[in-house]
Amino acid sequence: VQLQASGGGLVQAGGSLRLSCKASGRTFSSYDMGWFRQAPGKAREFVAGITWNGGSTYYADSVKGRFTISRDNAKNTVYLQMNSLKPDDTAVYYCASRRSAFYDYEYWGQGTQVTVSS
């Protein structure tokens with residue numbers, strides 16, 4: 001599985017962005033997907049996840065109520081809608097995939113930069 005993230009950019013605090021992650025390969029619809037982020041000088045952290053069929057979603061406390069993860073298996077794409085952005089959301093955002101909750105995330109995209117100005 002190859003993953004290509006896009007949609008990052010510069011936005012003012014309070015604004016919105018939608019990230020996309022397009023996957024290659026025929027197994028996308030059977031994989032759980034996740035979004036992670038890494039800010040300068042900080043460890044990578046989990047942001048949001050979604051099961052293979054979209055039936056369950058889960059979020060880090062820091063983004064709950066502001067971010068929404070979704071997927072379109074017909075388009076091999078997972079999305080991260082980010083609203084009410086804060087300067088603390090500034091980071092490189094990565095998408096990743098795994099076979100199920102019993103596995104680690106094993107495939108990673110290249111990352112897309114999100115910068116939120118105050």
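Residues numbered from 1 in each chain as written. Predicted model: local features only at pLDDT ≥ 70, side-chain atom pairs only at ≥ 80, totals over all residues. Heavy atoms only, no water.

(A) Spotlight on the overall build of the chain. Counting its regular elements, the chain contains 0 helices and 11 strands. Going residue by residue from the N terminus, the α and β elements of the chain occur as β-β-β-β-β-β-β-β-β-β-β. Burial status across the chain gives 44% buried among its 118 residues. In the chain, the proportion of contacts linking residues at least 24 apart, taken out of those at least 6 apart, comes to 54%. Just so you have it, the chain exposes about 6,200 Å², and 48% of that area is on carbon and sulfur atoms. Across the chain, the centroid of the 13 positively charged side chains sits 5 Å from that of the 8 negatively charged ones. (Helix = DSSP H or I, 4+ residues; strand = E, 2+ residues; numbered from the N terminus. Buried < 20%, exposed > 50% of the residue type's maximum accessible area, 1.4 Å probe, protein only. Contact = heavy atoms within 4.5 Å. Areas by Shrake-Rupley, 256 points an atom, 1.4 Å probe, with all protein chains shown as cover. Lys, Arg positive; Asp, Glu negative; His and termini not counted. Charge placed at Lys NZ, Arg CZ, Asp CG, Glu CD.)

(B) Seen up close, the nonpolar core. If you look at the biggest cluster of nonpolar residues, it comprises 28 residues, and the most contacted ones within it are Trp35, Leu80, Met82 and Tyr93. Discounting chain neighbours no more than four positions away, the residues touching Leu80 are Leu17, Arg18, Leu19, Trp35, Val47, Ala48, Phe67, Thr68, Ile69 and Tyr93. (Core = buried A, V, L, I, M, F, W, Y, C linked by side-chain atoms within 4.5 Å.)

(C) Representation of the pairing of strand 9 (residues 91-98) in the model. With 7 of its 8 residues buried, strand 9 lies for the most part within the structure. Pairing analysis gives 7 bridges linking strand 4 (residues 32-38) to strand 9, with the strands arranged antiparallel. Bridge pairing in strand 9 places Arg37 opposite Tyr93. Two strands pair when backbone bridges link them, and strand 9 and strand 11 (residues 112-117) are joined in this way by 3 bridges, in the antiparallel orientation. Across the sheet, the residue bridging to Ala91 is Val114, located in strand 11. The sheet contact formed by strand 9 and strand 10 (residues 107-108) spans 2 bridges and is antiparallel. Across the sheet, the residue bridging to Ala96 is Trp108, located in strand 10. (Pairing = 2+ DSSP bridges.)

(D) Structural detail: the environment of Ala13. Examined against the element boundaries, Ala13 turns out to sit in the loop between strand 2 (9-12) and strand 3 (17-24). Take Ala13: its relative accessible area is 42%, and that puts it in the partly exposed class. Spatially, the C-alpha atoms of Ala13 and Ser117 are 5.7 Å apart, while their sequence positions differ by 104 residues. With residues up to four places along the chain from it excluded, the contact list for Ala13 reads Leu85, Pro87, Val116, Ser117 and Ser118.

(E) Examining the packing of aromatic side chains more closely. Using the criterion set out here, one finds 6 aromatic pairs in the structure. Ring centres 5.0 Å apart and planes at 80 degrees place the aromatic pair Phe36 and Tyr105 in the edge-to-face group. A residue pair is termed long-range when its members are at least 10 positions apart, and Phe36 in strand 4 and Tyr105 in the loop between strand 9 and strand 10 qualify at 69 residues. The pair formed by Phe36 and Tyr105 is uniform in burial state, with each residue classed as buried. Chaining the aromatic ring pairs together yields one cluster made of Phe36, Phe46, Tyr58, Tyr105 and Trp108. Directly above the aromatic system of Trp108 lies the positively charged group of Arg44, at a separation of 3.9 Å from the ring centroid. A cation over a ring is seen here: Arg71 above Phe28, with NZ or CZ 4.5 Å from the ring centre. (Phe/Tyr/Trp six-rings, centres within 6.5 Å; stacked < 30°, edge-to-face > 60°. Lys NZ or Arg CZ within 6 Å of the ring centre and 35° of its normal.)

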